[in-house]
Amino acid sequence: MNKLKLKQMLEAFFIEDIGESDITSESLFEKHNLGKLQFLAKENGVFCGKLVIEVGFSMLDSNINIDVLVNDGEMIEKGQLLAVMEGRMSDLLTGERVVLNLVQRMSGIATAAKKASSILEGTETRACDTRKTTPGLRMLEKYAVRTGGAFNHRIGLYDAVMIKDNHIDFAGGIANAVSLVKSKIGHTVKVEVETETREQVLEAVEAGADIIMFDNRSPVEIKELLKLVPSHIITEASGGINLTNLASYRDCGVDYISLGSLTHSVKSLDISAKVFNQETVKL
C-alpha cells in the first residue's frame, strides 16, 4: 500500500469529518488531558488496516503512542485486543471514527476474501475482485482483498483493456473492437473480452484476446465454452457469483472467478473503540 497516497487520503477524510475543529472534544478536554484508546474485536475475522491506524493517529499528533498488536492478514477473535493508542484525549477522540470506520471496512473485505479463497482452495482457480469499489477507497479495498488471500482484477480503466458488451456494440463487433484497441495500446497491456455466447467466445479467440470472460454463465456452460479456448488464453468467470454460490463454480476450470461482492456489498467487521482516562500531566 502506498504510504504517501494513504496520507493524502487520510488528510481528506479527516478534513471532511473535522472541518474547522472537533468542537465536542476541544470543549471537553484541555491539551494536557491524556487518555488511552483501545480497539477490540467484536467478532471473528481477518484483521486489515495496521498502517491506517499508525499513519492516521500519527498525523493528528506525532506524540501519540501507537501499538498495533496484530498484523494484516491475521485471524482475530471476538474480544481480542487489536490496538492501543495513548495520547491527548482530544486527538484520540478526533481521529477515532475515521480510522475505525476504515479498519472495520478493510477487515470485512479481508474476511470475505479469505472465505472466497478458502472455498476455491485445492483448485487452480483464483478468486479476484472487480472495479466495483467505493469511490475514494479503491486502494484500501484492493489491498484488503489481497490481505485476505484473494487477487486483484485491474485497478482502474488505465492498467488493462476490458472490452464489454457496450464497447462491442459501439465498435461493431469483437473482432473490430480488439483490432482497434491493439493498434493503439502498448505491448505490455493485456486485452480482456467479455463474452456471453459460444459465437462470441470463438470470435474473441480468433481476434487474439489475452483474456476471455464468461459472463453470467453457469458452471456447466463454462465447462463447454472452455473447450473452445486455447490454453494460452487466460479465462475468467463473472456475473452473479458470490460467496453463497461460489462453491458450485470451484471445479468449472477457469483461471479466475471475479466477485464484485467482495467490495461492493461486504459487511464491515465489527470492531469497537474503548477509552480510558489517564492521570493528567503536561506533554
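Let us look at the structure shown here. (Residues numbered from 1 in each chain as written. Predicted model: local features only at pLDDT ≥ 70, side-chain atom pairs only at ≥ 80, totals over all residues. Heavy atoms only, no water.)

**Considering the sheet that holds strand β7 (residues 161-163)**
Read across the sheet, six strands follow the order β6-β11-β10-β9-β8-β7 without closing on themselves; strand pairing throughout is parallel. A single partner strand is all that each edge strand has here, and the edge strands are β6 (126-128) and β7. Between one strand axis and the next, the sheet turns by 25 degrees as a mean value, whatever way the strands run. Strand direction decides the pairing type here: strand β10 (residues 234-238) and strand β11 (residues 256-258), joined by two bridges, are parallel. Of the residues in β11, the one forming a bridge with glutamate 236 is tyrosine 256. (Pairing = 2+ DSSP bridges. Helix = DSSP H or I, 4+ residues; strand = E, 2+ residues; numbered from the N terminus. Axes fitted to C-alpha atoms, helices over the stretch in contact; angles between N-to-C directions.)

**Brief notes about the sheet that holds strand β12 (residues 271-277)**
Hydrogen bonding along the main chain pairs the strands of a sheet, whether they run parallel or antiparallel. Reading across from one edge, β3-β5-β1-β12 is the order of the four strands in this open sheet, with antiparallel pairing throughout. The open sheet has two free edges, formed respectively by β3 (65-68) and β12, since each of these has just one partner strand. Ignoring which end each strand starts from, the neighbouring axes of this sheet average 15 degrees apart. Sheet topology note: the β3/strand β5 (residues 81-88) ladder contains four bridges and is antiparallel. The partner of valine 68 across the bridge, within β5, is alanine 83. In this fold helix α3 (residues 50-60) packs onto β1 (34-41), β3 and β5, with an angle of close to 175 degrees to the strand it touches most, β3. (Contact = heavy atoms within 4.5 Å.)

**Points about the packing of aromatic side chains**
As enumerated under the stated definition, the model contains one aromatic pair in all. Between phenylalanine 39 and phenylalanine 57, the ring centres sit 6.3 Å apart and the planes meet at 55 degrees, which makes this aromatic pair tilted. Highlighted residues: phenylalanine 39 in strand β1 and phenylalanine 57 in helix α3, separated in sequence by 18 residues. Phenylalanine 57 matches phenylalanine 39 in its accessibility class, with the two residues each being buried. (Phe/Tyr/Trp six-rings, centres within 6.5 Å; stacked < 30°, edge-to-face > 60°. Buried < 20%, exposed > 50% of the residue type's maximum accessible area, 1.4 Å probe, protein only.)

**Some details on the side chain of threonine 125**
Mapped onto the elements of the fold, threonine 125 is located in the loop between α4 (89-119) and β6. Of the polar contacts made by the side chain of threonine 125, one reaches the backbone oxygen of valine 254; its length is 2.6 Å. Not counting residues within four places of it along the chain, the set of residues in contact with threonine 125 comprises Leu120, Arg250, Gly253, Val254, Asp255, Tyr256 and Ile257. (Polar contact = N/O pair within 3.5 Å; in protein donor to acceptor, adjacent residues only side chain to side chain.)

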